[in-house]
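Examination of the molecular architecture
Next come the chains, spelled out residue by residue.
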Amino acid sequence: QTCALPISDNGNKVEKKANFIVTTMSGGISGVIEIPEELSDYYSSIWIDVWNPDGVGNWTNPEANGSFSLPLSPGEYTISLWLDPAVFTGYSSPEARVIKVGKSELDLGNIQLVQYVPTVLSGVIATADGTPLGNADVWAWSMEGGWAEDVTDSRSEEHTSELQSPDHLVCR
């Protein structure tokens, strides 16, 4: 397909042509995220991401009942969930997994969120000589899923965040 696009260049109308390939998403996935009842109003704080190794894919939020449907072209994808950590404290997404999508919809069934008792990280961020660093960004990731972020106060006073089994801690 070729498409002419009207583009403004310093107030002058210029026409540019672009070639693009139109593909049909003949396959797809569906499923149900089992959202805990006490958090069911926060379904829009869950993102379902599905991407292939080339970075092509799609994403969606579930419906209020946790169900979702996502059109995709046939191929191999990695599906993962992202939960807003400010809303889903004590829950993380299940491990990302590789799926193969064909020409029809693949039903993934029910997907459960992982419940955990958060690990509380606390401490003071300081330079090598012990000088406290105020306003330092702190991120922590877990290989089991989930992440947390926080910022120390101006005096680098105690910092706390909740995370499931932290494996990596980065300060900036």
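As a reminder, the structure under discussion sits directly above these lines.
Keep in mind the model is a prediction, meaning the values are calculated, not measured. (Residues numbered from 1 in each chain as written. Predicted model: local features only at pLDDT ≥ 70, side-chain atom pairs only at ≥ 80, totals over all residues. Heavy atoms only, no water.)

All right, on to the overall build of the protein then. Each helix and strand counted, the protein has zero helices and 16 strands in total. Pairs at least 24 apart in sequence give 55% of the contacts found in the protein among residues at least 6 apart. (Helix = DSSP H or I, 4+ residues; strand = E, 2+ residues; numbered from the N terminus. Contact = heavy atoms within 4.5 Å.)

Spatial strand order, β6-β3-β10: three strands in an open sheet with mixed pairing. Where the open sheet ends on each side, the last strands, each with one partner, are β6 (67-72) and β10 (105-112). With direction set aside, neighbouring strand axes in the sheet form an average angle of 20 degrees. Both strand β3 (residues 27-34) and β10 contribute to a ladder of six bridges, which runs parallel. Of the residues in β10, the one forming a bridge with Val32 is Asn110. (Pairing = 2+ DSSP bridges. Axes fitted to C-alpha atoms, helices over the stretch in contact; angles between N-to-C directions.)

Next up on the list: the environment of Leu70. Residue placement: Leu70 occurs in strand β6. According to the relative accessible area criterion, Leu70 is buried, its value standing at 3%. The sequence separation of Leu70 and Glu105 amounts to 35 residues, and the corresponding C-alpha distance is 8.7 Å. In contact with Leu70, other than residues within four places in its own chain, are Gly28, Ile29, Val50, Asn58, Trp59 and Thr60. (Buried < 20%, exposed > 50% of the residue type's maximum accessible area, 1.4 Å probe, protein only.)

Position of Ser30 among the secondary structure elements: in strand β3. A distance of 3.1 Å separates a polar atom in the side chain of Ser30 from a polar atom in the side chain of Glu105. Those residues in contact with Ser30, other than ones at most four positions away along the chain, are Phe68, Ser69, Glu105, Leu106, Asp107, Leu108 and Gly109. (Polar contact = N/O pair within 3.5 Å; in protein donor to acceptor, adjacent residues only side chain to side chain.)

So, about the sheet that holds strand β7 (residues 75-83). In a beta sheet, neighbouring strands pair by backbone hydrogen bonds and run either parallel or antiparallel. Overall, antiparallel pairing links the four strands, which are arranged β5-β4-β7-β9 in an open sheet. Each of the sheet's edge strands pairs with one partner strand only, and the pair in question is β5 (57-60) and β9 (97-101). Within this sheet the neighbouring strands show an average axis-to-axis angle of 25 degrees, counted without direction. In this structure, strand β4 (residues 46-51) lies alongside β7, joined through six bridges in antiparallel fashion. The partner of Val50 across the bridge, within β7, is Ile79.

The next thing to look at is the nonpolar core. Most often, soluble globular proteins have nonpolar side chains that are buried together. Among the nonpolar cores identified, the biggest contains 21 residues, and Ile29, Ile33, Val50, Phe88 and Ile99 are the most heavily contacted of them. Elements with a minimum of two residues in this core: β3, β4, β6, β7, β9 and β10. Considering every element that reaches this core, the biggest residue donor is β7, with four residues. Not counting residues up to four positions away in its chain, the partners in contact with Ile29 are Val50, Phe68, Ser69, Leu70, Leu72, Ile79, Ile99, Val101, Glu105, Leu106 and Leu108. (Core = buried A, V, L, I, M, F, W, Y, C linked by side-chain atoms within 4.5 Å.)

The subject of this paragraph is the pattern of salt bridges. Counted by the stated rule, this structure contains one salt bridge. The partner of Glu76 in a salt bridge is Lys100, and the shortest N-O contact between them spans 3.8 Å. Placement of the pair is Glu76 in strand β7 and Lys100 in strand β9, with a sequence separation of 24 residues. (Salt bridge = Lys/Arg side-chain N within 4 Å of Asp/Glu carboxyl O.)

Here we come to the pairing of β3. Buried residues dominate β3, accounting for six of its eight residues. The pairing of β3 with β6 spans six bridges and is classified as antiparallel. Considered in β6, the bridge of Ile29 is made with Leu70.

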